2 protein chains.
Amino acid sequence: MDDPIERAVTAIRFDAEGLVPAIAQQHDTGEVLMMAWMNRDAVRVSLAEGRVCYWSRSRRKLWRKGETSGQVQWLRELRLDCDGDTVLLLVDQRGVACHTGRRNCFFRAWRNQEWAVIAEPQVPPETLYSDETLNGGPSPASEAGRAPATATAGTSAATEPQEPAPSSTDGWG
Amino acid sequence: MDDPIERAVTAIRFDAEGLVPAIAQQHDTGEVLMMAWMNRDAVRVSLAEGRVCYWSRSRRKLWRKGETSGQVQWLRELRLDCDGDTVLLLVDQRGVACHTGRRNCFFRAWRNQEWAVIAEPQVPPETLYSDETLNGGPSPASEAGRAPATATAGTSAATEPQEPAPSSTDGWG
């Protein structure tokens, strides 16, 4: 096996569906930004291109983070855990990681026996997925009502922002 | 629903197997320590007891981190991501999180086109799972050859340190 990227991939233990959970952490601050999934090709693309690519389970396709929103994750280092079944991505996050416009996705904290929203959006979420940021001009009517622009902490369970629902035609992030 | 812990649990989107991935991060340094899985009862126990309890997928039982090794994770805060299907545990890790004796499990880094071991054990792993740390005295013969005490980065794929293989009778950590 002469391809170094294949050697990287071989060390990772993908699950029965060919996936591995990937934690994205801002390399310099330590902030945990998000968690998503990678398949073998996503790892290959991430290492080859130097920007993070995930696998969208719902859309069943590669998802280069930032491909629609511009909020790219530059890959600084890929790490692997002791049993090889989780990867930690040290990244340099451009802009915000969360589709809600927040820097990271973990903005709900269990405090005083209730869920508290502990971070506010840094950018209006609608600007992340506006027509201008999508590939190919005006969005089709089917996208007009998609959830992320209006999702809140209380209603987010119905959406899969990091992995768009099959009815969505564009990726988030 | 008057029980606040049940309200916490209800907000979490568990997968088809009733599990949610849980990332453990040291609360003050930001170090990502490990990733494991929780079911509803693991969340309940963690919130009720203030120490992290996971679900061992291989043993199919609750696994209070540190129950055999003493390396307890005190829970400082539980956070939930935007789509509710990943939790972030801010913890105060007593000792080391990794069964190899390292502070965290992500000690392999892809650098210069090869996997580099970037952290050394802080404690000999065999001390984490010695007879003295196990509940109930001398370990049975079946445990004498279990993997973690001799696992290395290069051979760890055969072990499931954070979730012991079904043949193991004791949990790691």
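Residues numbered from 1 in each chain as written. Chains lettered and ligands numbered in written order. Predicted model: local features only at pLDDT ≥ 70, side-chain atom pairs only at ≥ 80, totals over all residues. Heavy atoms only, no water.

For the structure shown, the criterion picks out five aromatic pairs over all chains. Ring centres 5.2 Å apart and planes at 65 degrees place the aromatic pair Trp-110 of chain A and Trp-115 of chain A in the edge-to-face group. Overall, the relative accessible area of 21% leaves Trp-115 of chain A in the partly exposed class. Seen in terms of ring centroids, Tyr-54 of chain B and Trp-63 of chain B are 5.2 Å apart; in terms of plane orientation they differ by 40 degrees. Their pairing is tilted. With respect to class, Tyr-54 of chain B is no different from Trp-63 of chain B; both count as buried. Between the NZ or CZ atom of Arg-102 of chain A and the centre of the ring of Phe-107 of chain A, over which it lies, the distance is 3.8 Å. (Phe/Tyr/Trp six-rings, centres within 6.5 Å; stacked < 30°, edge-to-face > 60°. Buried < 20%, exposed > 50% of the residue type's maximum accessible area, 1.4 Å probe, protein only. Lys NZ or Arg CZ within 6 Å of the ring centre and 35° of its normal.)

Before going further, it helps to spend a moment on the pattern of salt bridges. All names here are of chain A. Throughout the structure, instances matching the rule amount to 16 salt bridges over all chains. Residue Arg-44 is joined to Asp-41 by a salt bridge in which the shortest nitrogen-to-oxygen separation is 2.7 Å. Within this pair, Arg-44 and its partner Asp-41 are both found in helix α2 (residues 40-49), separated by three residues, close to a single helical turn. Residue Arg-59 pairs with Glu-67 through a salt bridge whose shortest N-O separation is 3.9 Å. Residue classification places Glu-67 among the partly exposed residues on the basis of a relative accessible area of 27%. (Salt bridge = Lys/Arg side-chain N within 4 Å of Asp/Glu carboxyl O. Helix = DSSP H or I, 4+ residues; strand = E, 2+ residues; numbered from the N terminus.)

Overall, mixed pairing links the six strands, which are arranged β8(A)-β7(A)-β5(B)-β6(B)-β1(B)-β2(B) in an open sheet. Since the sheet does not close on itself, it has two edges, and those belong to β8 (114-117) of chain A together with β2 (32-38) of chain B, each with one partner. Each strand axis lies, on average, 35 degrees off the axis of its neighbour in the sheet, ignoring direction. Sheet strands touched by helix α2 (residues 40-49) of chain B: β7 (108-111) of chain A together with β2 and β5 (73-80) of chain B. Its angle to β5 of chain B, the strand with the most contacts, is close to 120 degrees. (Pairing = 2+ DSSP bridges. Axes fitted to C-alpha atoms, helices over the stretch in contact; angles between N-to-C directions. Contact = heavy atoms within 4.5 Å.)

For the rest of this paragraph, the subject is the side chain of Gln-73 of chain A. Residue and element names in this part refer to chain A. With respect to the helices, strands and loops of the structure, Gln-73 is situated in strand β5 (residues 73-80). Look at Gln-73 and you get buried, because its relative accessible area is 0%. At 2.9 Å, the side chain of Gln-73 and the side chain of Gln-93 are in polar contact. Setting aside residues up to four positions removed in sequence, Gln-73 forms contacts with Ala-24, Leu-33, Met-34, Gly-50, Arg-51, Val-52, Tyr-54, Lys-65, Val-91, Asp-92, Gln-93 and Ala-97. (Polar contact = N/O pair within 3.5 Å; in protein donor to acceptor, adjacent residues only side chain to side chain.)

Moving on to the sheet that holds strand β7 (residues 108-111) of chain B. The strand order β2(A)-β1(A)-β6(A)-β5(A)-β7(B)-β8(B) describes an open sheet built from six strands, whose pairing is mixed. A single partner strand is all that each edge strand has here, and the edge strands are β2 (32-38) of chain A together with β8 (114-117) of chain B. On average, each strand axis in the sheet is inclined to that of its neighbour by 35 degrees, with strand direction left out of account.

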